[in-house]
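Summary of structural features
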Amino acid sequence: MRLIPPAGINLFQLIYVLIRDYKERTGLEPLNLSLGNPDGIPPAAIRALKAKYASDPGYDFHTYAEDKNLLGFAEKMVLIHGGLDVSAHTGLRALPIAGIKTASAMIPLACGLHLPDKSRRDSFRVASNLPAYDVIGTWSGSYLGARRTVWPLASSDNMRLNVARLKDALKKDGADRADLVFVIRPGNPAAVGASAADWKELIALCIEKRMRLVNDGAYAGLAAAGTHATLASVAKDFPELEWLELYSVSKSYNDPGARLGALVGSKDFVEDFALVKGNTDSGPVPGVMAAYGEFLSDPAAARRALDEIRGLYENRLAYLIPRLKAAGLRPACSTEAGFFTLWHAPRSAFGRELPLEGRHEAFNRAVIAETGIVGVHFSSTSETGSPEPLIRYAVCADVLDGKFQARLEAGLAKLKPLY
């Protein structure tokens, strides 16, 4: 007998079902703009270093990594992604992680959710954004039983962090504070960064209310110049703040299969995390960590590789965004990092009205069925508090291919969205 109802299907698992149904019905490959994973592979230099350490008989490259930090990988990862030299700050620590998703699940426990004080278990609160790739919400609220405050992102704010909305959300939930504030900057699905001023306002509130602050910085390495300040670059100047920021090679270097990243933050918070981690996973694959430790030893080469990957996405976005606008779709926010674009779902498409309830999903299903263009549907909250249906289209497919473009533009010509 099933103990977990199938209604709990992950949104992205549903997209896979819709893709499969389209292929079976039409015999065609979909125009997959839903994929949020790189469609490329790591640069040749990284692949060569992986091979080198895979064949190296050194024991450390093949045993449990636990909290080993081979070749200073964590500090090098933080330097190139966060712009922070950890060694210059005695109150900070960096640590390798086996991917951000896995690490995120442990963070509420690293904040003491599980401690035996019943009043703490009953009142523990996590504040996090929607719309989002909501790993933290699923784990903290659904799996671990914490209280959840949704800090809404609104298109009227260009999906930026609005601290006033966080205060309002806490007040609405009858809470003065949260134990953990968790954000994703640059975001997913809203590929918008944060400014130093954004962070400083949020940091001031977190210090005042004794709230721990965490940023999932998976897309930080792909942010366009001048569009994003990392949390690390600002939080380092606030020793009273308890914070973490997480980075990954998945998006930065086209390497999600590496299951490798790093986090940095205030020393006590990192050590709380390390304790939970030690009872949860055995660390990244050590040979892969060593390969990246050596690769990142040449910061100029590592930066060139990042620039090349970011440039590819920027070229693809420069093609896709004008076509979606020309087809009549309205953007919900700008794209400042990575490969996501976010749009308002219309009230009508293909000459027919879409249902008010679940309009975002209905629109996605209709577009897939009529054109084969696959997105990911999300929902947000508007300035007035009403539902804001959204659709995310990514460029983790070769949208610059001529045949892809011909099918895409033919499909968009049929869209005829009305708002």
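The following refers to the structure shown. Because the structure is a prediction, the values reported are computed rather than measured.

1. Here's the deal with a nonpolar patch on the surface
A cluster of nonpolar side chains, contributed by Met 1, Leu 3 and Ile 4, occupies part of the molecular surface with about 490 Å² of accessible area. With respect to the element layout, Ile 4 can be found in the segment before helix H1 (11-26).

2. Describing the sheet that holds strand S9 (residues 330-331)
Spatially, the four strands line up as an open sheet ordered S9-S10-S15-S14, and their pairing is antiparallel. Edge positions in the sheet fall to S9 and strand S14 (376-381), since each has one partner strand and no second. Both strand S10 (residues 340-344) and strand S15 (residues 387-394) contribute to a ladder of five bridges, which runs antiparallel. Among the inter-strand pairings, His 344 is bridged to a residue of S15, identified as Leu 390. Along the sheet face, helix H13 (residues 299-326) touches S9, S10 and S15 and points at about 5 degrees away from the line of S10.

3. Section: the pairing of strand S4 (residues 147-152)
Walk down a regular strand and you will see the side chains alternate between the two sheet faces. With six bridges joining them, strand S3 (residues 125-130) and S4 adopt parallel strand pairing. Its bridge partner lying in S4, Leu 130 is registered against Pro 152. You can see the chain leave S3, run along helix H6 (residues 135-143) and come back into S4, and the turn it takes is right-handed.

4. Quick word on the sheet that holds S3
The pairing of strands in a sheet comes from backbone hydrogen bonds and takes either a parallel or an antiparallel form. Strand order across the open sheet formed by seven strands is S2-S8-S7-S6-S5-S3-S4, with mixed pairing between neighbours. Two strands in the sheet have a free side with no partner beyond their single neighbour: strand S2 (92-97) and S4. For this sheet the average axis-to-axis angle between neighbouring strands, irrespective of direction, equals 20 degrees. Here S3 runs beside strand S5 (residues 180-184); their pairing, made up of three bridges, is parallel. Opposite Ser 128, over in S5, you have Phe 182 as the bridge partner. With respect to the sheet, helix H7 (residues 163-172) is in contact with S3 and S4, its orientation differing from that of S4 by roughly 145 degrees.

5. Some words on the pattern of salt bridges
Applying the stated criterion to the full structure yields 25 salt bridges. Salt-bridge contacts for Asp 176 lead to Lys 209; the nearest nitrogen and oxygen are separated by 3.0 Å. In this pair, Asp 176 sits in the loop between H7 and S5 while Lys 209 sits in helix H8 (residues 196-209), placing the two residues 33 residues apart along the sequence. We classify Lys 209 as buried; its relative accessible area is 19%. Where salt bridges share partners, they join Arg 93, Lys 267 and Glu 271 into one cluster.

6. A short note on the packing of helix H2 (residues 44-55) against helix H12 (residues 286-295)
Contact geometry for H2 and H12: axes closest at 8 Å, N-to-C directions at 130 degrees. The orientation of H2 relative to H12 falls into the category oblique. You can see that H2 and H12 cross each other, and the crossing is right-handed. Counted together, Ala 45, Ile 46, Leu 49, Lys 50, Lys 52 and Tyr 53 of H2 and Gly 287, Val 288, Ala 290, Ala 291, Tyr 292, Glu 294 and Phe 295 of H12 form the full contact between these two elements. A per-class count over the contact of H2 with H12 returns nine nonpolar, one polar and three charged.

7. Some details on the packing of aromatic side chains
By the definition in use, this model includes nine aromatic pairs. A ring pair is formed by Tyr 53 and Phe 61, whose centres lie 4.9 Å apart and whose planes are at 70 degrees; its orientation type is edge-to-face. Exposure class is identical for Tyr 53 and Phe 61. Each is buried. Measuring from ring centre to ring centre gives 5.7 Å for Tyr 219 and Phe 339, while their planes differ by 85 degrees; the resulting arrangement is edge-to-face. With a gap of 120 residues between them, Tyr 219 in the loop between strand S6 (212-216) and helix H9 (231-235) and Phe 339 in the loop between S9 and S10 connect regions that are remote in the sequence. According to the relative accessible area criterion, Tyr 219 is buried, its value standing at 5%. Cation over ring: Arg 212 sits above Phe 269, and NZ or CZ is 4.1 Å from the ring centre.

Rules and cut-offs
- Residues numbered from 1 in each chain as written.
- Predicted model: local features only at pLDDT ≥ 70, side-chain atom pairs only at ≥ 80, totals over all residues.
- Heavy atoms only, no water.
- Patch = residues over 30% accessible without salt bridge, like charges linked within 9 Å, V, L, I, M, F, W, Y side chains within 5 Å.
- Areas by Shrake-Rupley, 256 points an atom, 1.4 Å probe, with all protein chains shown as cover.
- Salt bridge = Lys/Arg side-chain N within 4 Å of Asp/Glu carboxyl O.
- Helix = DSSP H or I, 4+ residues; strand = E, 2+ residues; numbered from the N terminus.
- Pairing = 2+ DSSP bridges.
- Contact = heavy atoms within 4.5 Å.
- Axes fitted to C-alpha atoms, helices over the stretch in contact; angles between N-to-C directions.
- Right-handed = clockwise from strand over helix to strand, strands pointing away.
- Buried < 20%, exposed > 50% of the residue type's maximum accessible area, 1.4 Å probe, protein only.
- Parallel < 35°, antiparallel > 145°, perpendicular 65-115°, else oblique.
- Left-handed = near helix turned anticlockwise from the far one by under 90°.
- Nonpolar A, V, L, I, M, F, W, Y, C, P; charged D, E, K, R; others polar.
- Phe/Tyr/Trp six-rings, centres within 6.5 Å; stacked < 30°, edge-to-face > 60°.
- Lys NZ or Arg CZ within 6 Å of the ring centre and 35° of its normal.

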